[in-house]
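Examining the three-dimensional arrangement
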Amino acid sequence: MQTLASREDARPIAIPQAEPQPDAAFLRLRGLTKRYESGFIAVDNLDLDLPKGKLLGLLGPSGCGKTTTLRMIAGLASVTDGEILIGGDDVARRAPHKRDIGLVFQSYALFPHMTVAENIAFGLDMRGVSRQEARARVEEALEMVRLPGYGSRKPKEMSGGQQQRVALARALVIRPRILLLDEPLSNLDAKLRDDMRIEIREIQKRLSITTVFVTHDQVEALTMCDVVGVMAGGRLAQLGTPSEIYEKPASLFVAEFVGRANVIDCEIVGRDQARIGDQVYRSDTKGLSGGKAKAAIRPHRISLTPDRDRALVSNATNSARGRIARITYIGDIVQYEVEINGAMLKVEVPTASAGHGFGADDMLLCEWKPQDMLVFGS
Ligand SMILES: Nc1ncnc2c1ncn2[C@@H]1O[C@H](COP(=O)(O)OP(=O)(O)O)[C@@H](O)[C@H]1O
Ligand SMILES: [Mg+2]
């Protein structure tokens, strides 16, 4: 039998593969702006590129302009300024039905008096597809969303999850170039939402359809999407992969909105050096070397060590001595609030790990890595 080493030796010299080229953007927003008649600017000069076949999540708090952006792409809201390019064509001033866009709303918006098949075929009638072809395409769309044979039902005879799948079939039946989903899961209960997340993602991948998915739910954005655009006040706060958004938030807003974080007043006292109370910690100050700032540390990136084991704490990490002020049991995790010099830290420990056996007023050490302490100048 070959050993690993000899197999390694026998391997032919690898020819370096060309780096895969990032696909050219298929959906392009350029300076997209919406000013409502009230004068309110809901979307403010948005620039964004989405490669073909990718799923973009637009994530942000209520009122930040997500739906307005989607409605402008779909043609349901007029564009005040800017361009919407799909495969190179500017569709910003084109009628909605000439944009080849499939749209799914939060409320399924099915016609209650029509059967499921009639609901799905509605867009095809409008596009002049023959009866016979429409029948075949409706059945194909129902199979895509795993509802074969349901065509003769009325929407009210179906569950919420099934109705949302019908809405998805109705959007897909026109074979759109772009699929837009506006909080499609928020009317479903938690368990169904988990299943639908996976199902939507699978359909999107299978069809390789370029998709924009609007949500205020960070879990949906992080778990489903290839790229996440975090929006705040009509602007793009950050665009990146889920891990970039979570691990390298561009601002305190993103750090707090995506995932949880302790936000602590601190002072930058040198490059990558931040002081809380009277102690200086190694951190990521993003090039700043002075000034008042805020540090963000995620609660589960802090570990706890009993005070008596202080000698075991590594020099490579930050450590702060503290006292447990409060303990909250949340089932899969225990949350400790630990008072350190100059701040109160929330620390989350999985109940499955050994470290959850502390009691109120226990003294201990909080430890975290420098790269897990993100410092934002203020
Ligand atoms: N027709 C309208 N006229 C004036 N303001 C509007 C209109 N529609 C939405 N807005 C405002 O624009 C902002 C963005 O709304 P919207 O795009 O629906 O946000 P989101 O989908 O992110 O919750 C909100 O402040 C909202 O009140
Ligand atoms: Mg909305």
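Basis of the calculations
The residue count restarts for each chain, going from 1 along the sequence in the order it is written. Each chain takes a letter, starting from A, and each ligand takes a number, starting from 1, following the order in which they are written. It should be noted that, the model being predicted, local features are given only for residues of pLDDT at least 70 and side-chain atom pairs only at 80 or more, the latter also being counted only at that level, while totals for whole chains, interfaces and linings use all residues. Computation of side-chain values: all heavy atoms of the structure, hydrogens and water removed. UniProt positions are given in the numbering used here, feature names are shortened, and annotations may be inferred rather than shown by experiment. A molecule or strand has a residue near it when one of that residue's heavy atoms lies within 4 Å. Here a polar contact means two N or O atoms within 3.5 Å. Within protein one must be a hydrogen donor candidate and the other an acceptor candidate, and residues neighboring in sequence count only if both atoms are side-chain atoms. Accessible areas in this description were obtained via Shrake-Rupley with a 1.4 Å probe; residue shielding takes into account the shown protein chains only. Under the DSSP-based scheme used, a helix requires at least four consecutive residues in state H or I and a strand at least two consecutive residues in state E, with every element numbered from the N terminus. Classification convention: Asp, Glu, Lys, Arg as charged; Ala, Val, Leu, Ile, Met, Phe, Trp, Tyr, Cys, Pro as nonpolar; all other residues, Gly among them, as polar. Each residue carries a pLDDT value, the predictor's own confidence for that position, ranging from 0 to 100. Residue contacts are counted whenever heavy atoms from the two residues lie within 4.5 Å of one another. Note on definitions: angles span 0 to 180 degrees between N-to-C directions of axes, and those axes are lines fitted to C-alpha atoms, for helices only across the stretch in contact. Here is the rule for handedness: rotate from the far helix to the near one, and if that takes an anticlockwise turn smaller than a right angle the crossing is left-handed, while a clockwise turn gives right-handed. In this analysis, strands are considered paired if DSSP registers two or more bridges between them. Any Phe, Tyr or Trp ring, taking Trp's six-membered ring, that has another such ring centre within 6.5 Å forms a pair; planes under 30 degrees apart are called stacked, those over 60 apart edge-to-face, and the others tilted. When a residue's accessible area, from a 1.4 Å probe over protein chains only, is under 20% of the maximum for its type it is buried; when over 50% it is exposed; and in between it is partly exposed. We call a charge positioned above a ring when the Lys NZ or Arg CZ atom is no farther than 6 Å from the ring centre and deviates by at most 35 degrees from the ring normal.

Per an unreviewed UniProt entry, the protein chain carries the name Spermidine/putrescine import ATP-binding protein PotA and comes from Aminobacter aganoensis. Checking UniProt for the protein chain, the heading Catalytic activity (unreviewed entry) contains the comment "ATP + H2O + polyamine-[polyamine-binding protein]Side 1 = ADP + phosphate + polyamineSide 2 + [polyamine-binding protein]Side 1." On record in UniProt, under Sequence similarities (unreviewed entry), the comment for the protein chain is "Belongs to the ABC transporter superfamily. Spermidine/putrescine importer (TC 3.A.1.11.1) family."

Before going further, it helps to spend a moment on the site of ligand 1. Neighbouring ligand 1 are Tyr-36, Ser-38, Phe-40, Ala-42, Pro-61, Ser-62, Gly-63, Cys-64, Gly-65, Lys-66, Thr-67 and Thr-68. At 3.0 Å, a backbone N or O of Gly-65 approaches an oxygen atom of ligand 1. At 2.9 Å, a side-chain N or O of Lys-66 approaches an oxygen atom of ligand 1. With the chains in place, 61% of the 560 Å² that ligand 1 exposes on its own is no longer accessible. It is helix H2 (residues 66-74) that contributes the most residues to the shell around ligand 1, 3 residues altogether. Here the shell around ligand 1 is composed, by residue class, of 5 nonpolar, 6 polar and 1 charged.

When pLDDT is averaged across the protein chain, the result is 91; 93% of the residues are at 70 or more. Contacts from residues 1-10, a stretch scored under 50 in pLDDT, to residues over four places away or in other chains number 1 contact.

Within this structure's numbering, the places UniProt gives as "domain: ABC transporter" (unreviewed entry) are residues 27-258. For residues 27-258, the helix share is 36%, the strand share is 26%, and the end-to-end C-alpha distance is 25 Å.

Running from N to C, helix H3 (residues 116-126) and helix H4 (residues 131-144) cross one another at 115°; their axes reach a closest spacing of 9 Å. Crossing angle aside, the handedness with which H3 passes H4 is right-handed. Across the interface between the two elements, Val-116, Ala-117, Ile-120, Ala-121 and Leu-124 of H3 pack against Ala-134, Arg-137, Val-138, Ala-141 and Leu-142 of H4. Broken down by class, the residue content of the contact of H3 with H4 amounts to 9 nonpolar, no polar and 1 charged.

For the rest of this paragraph, the subject is the pairing of strand E14 (residues 291-297). As paired elements, strand E11 (residues 262-270) and E14 share 7 bridges and run antiparallel to each other. Looking at the pairing, Ile-268 lines up with Gly-291 of E14.

As a further point, take the environment of Met-231. Inspection of the secondary structure assignment puts Met-231 in strand E9 (residues 227-232). Once the C-alpha coordinates of Met-231 and Phe-253 are considered, the two residues, 22 residues apart in sequence, prove to be 9.9 Å apart. Leave out the neighbours within four places in its chain, and Met-231 touches Leu-46, Leu-58, Leu-59, Gly-60, Pro-61, Cys-64, Gly-65, Lys-66, Thr-69, Leu-236, Ala-237 and Phe-253.

The final tally for this structure, using the stated rule, is 4 aromatic pairs. With 5.1 Å between their ring centres and 40° between their planes, Tyr-281 and Trp-368 make a pair best called tilted. Here Trp-368 lies in strand E19 (residues 363-368) and Tyr-281 lies in strand E13 (residues 279-282), a separation of 87 residues in the sequence. The class for Tyr-281 is buried, based on a relative accessible area of 2%. The class of Trp-368 is buried, set by a relative accessible area of 1%. Aromatic pair Tyr-336 and Phe-358: ring centres 5.8 Å apart, planes at 80°, arrangement edge-to-face. Separated by 22 residues along the polypeptide, Tyr-336 in strand E17 (residues 333-340) and Phe-358 in the loop between strand E18 (343-350) and E19 bring together distant segments of the chain. Neither residue differs from the other here; Tyr-336 and Phe-358 are each classed as buried. One cation-aromatic arrangement involves Lys-286 over Phe-376; the distance from NZ or CZ to the ring centre is 4.3 Å. Over the ring of Tyr-246 we find Arg-298; its NZ or CZ atom is 4.0 Å from the centre of that ring.

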